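# Coordinate analysis (summary)
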Amino acid sequence: LAICRQALDIEEDVILRLVAKGKTLARENQGDARSTTDEQPAFPPSIKIPNGGAKIIVMGSKAQVIEKLYGRRSDPLMRGFDEERQARNRVKTDLSSAWGKRYGNQHKQYKFCRFEECTDASFGSRPGATTPHAFEARRLLEKLACDPGVQAIMKSRELVVGSLGEMDPIDDRLMKEKEREGGRLLGYNTNMGMRIDIKLRSDDLAGFRPYPELASTLIHEISHNWCADHDQLFWTNFAQMRIEYLWTHAQLMHGAYFVGGRRTASVAEVTDMIVTSNPANGMLARTEMMNNICNSLVPEIQRDMLQHRLSVQLIMPAMAAFSRELMDETQGEIEVEGRRLGSADDDVNNSSSTLSARERALAAAEKRARGSKGQGD
């Protein structure tokens, strides 16, 4: 170090370091006295000197700069590795606050494993932009995943979806192909549930699409876990899941479960599909609520099926049968303050040895799908 300082005429306030082949041979510490003589060998005994000589890199830093660097305060917004590890080990908070404490997280087994909002620069959140930030898009994806109706569908059908993501509203390749064909793509399912993408933003990017449309699109894409084609089996399964979604919110309306003073049906904006009149006693009978649900769904599903040259009359008997089975299965089960009256507490780790009517119907539908190779992939 002394030889380097003299040979290169380096000032005394510079701290030196010698590096060869990526290894530090010698270094000065801050505060050490600088000497003009140094008896320490340049190469430690462990390093073999090649016959043609060795290349040594001399690195120097101003002592004042090092002192200033050490004196700086670390950025409070950046966590170190240890802090990041501790943060992962802490008790996880609720994924979404939109549905209250009980529905703040997904089911432990049947859930969406990852969420991915769109952060591409194709539309981005630039200064002065009116489109919602990617953070808001992620919160909306989490709200959809924790929706009590969506959770009921995922649990009853034992579904696990790899990723729930946001479609790029401008540069999505599949959306552009659909538009060239004269259609409109609001979501797609990749590899039977490996990933589901939903178009969250409106066409003008000024905001998000209405929540009921997003929930319906998500259920539509979940139905593609069984059937790729929009055939009768697909629409039957989709209609049954839509009934179960609305019936879950109807059940919560019967109980005393509120979220910020509102019922979950109001948060999901589906109250009009469950209650179409103002009953004198303040609450409709179960049968009337189910009839309202089915009657509200028929025009919506008919509009979608007509695009594929199918009539809603093909699936109405299955809708009616499923609604009756669903009412029988949930007879006496009313959610009150997060507890279910009329049945034992539900354990996510326990499975019944007998299949319910809904599970038998689903198994029969899957069996028919496997038997008809040409109706879906």
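Just above, that's the structure.
A few words on helix α8 (residues 232-254). Note that an α-helix has 3.6 residues per turn; residues three or four places apart therefore point the same way. Over its 23 residues, α8 extends 33 Å from the first C-alpha to the last, a length consistent with the 33 Å expected when each residue adds 1.5 Å. When you tally the buried positions in α8, you get 21 out of 23 residues, the bulk of the element.

Time to look at the sheet that holds strand β7 (residues 195-198). Pairing between sheet strands relies on hydrogen bonds along the backbone, with the strands arranged either parallel or antiparallel. If you trace the four strands from one edge of the open sheet to the other, you get β4-β5-β7-β6, paired in mixed fashion. What marks the edges here is a single partner per strand, and that holds for β4 (112-116) and β6 (187-190). Along the sheet, successive strands turn relative to each other by an average axial angle of 15°, direction set aside. In terms of strand pairing, β4 meets strand β5 (residues 161-166) through four bridges, oriented parallel. Considered in β5, the bridge of Arg114 is made with Ser163.

Counting residues in each nonpolar core, the largest one holds 65 residues, and the members touching the most others are Phe112, Leu218, Tyr245, Ile274 and Ile301. The element contributing the most residues to this core is α8, with 13 residues. Setting aside chain neighbours within four positions, we find Phe112 in contact with Gln106, Ala145, Val150, Met154, Val161, Leu164, Leu218 and Ile222. Val14, Leu16, Ala20 and Ala26 belong to the second-largest nonpolar core, a separate cluster that totals nine residues.

So, on to the side chain of Thr264. Here Thr264 shows up in helix α9 (residues 264-267). The exposure class of Thr264 is buried, given its relative accessible area of 1%. Apart from residues no more than four positions distant in its own chain, Thr264 is found in contact with Trp99, Pro148, His249, Leu252, Tyr257 and Val259.

Scoring rules and cut-offs
Residues numbered from 1 in each chain as written. Predicted model: local features only at pLDDT ≥ 70, side-chain atom pairs only at ≥ 80, totals over all residues. Heavy atoms only, no water. Helix = DSSP H or I, 4+ residues; strand = E, 2+ residues; numbered from the N terminus. Expected span 1.5 Å × (residues − 1). Buried < 20%, exposed > 50% of the residue type's maximum accessible area, 1.4 Å probe, protein only. Pairing = 2+ DSSP bridges. Axes fitted to C-alpha atoms, helices over the stretch in contact; angles between N-to-C directions. Core = buried A, V, L, I, M, F, W, Y, C linked by side-chain atoms within 4.5 Å. Contact = heavy atoms within 4.5 Å.

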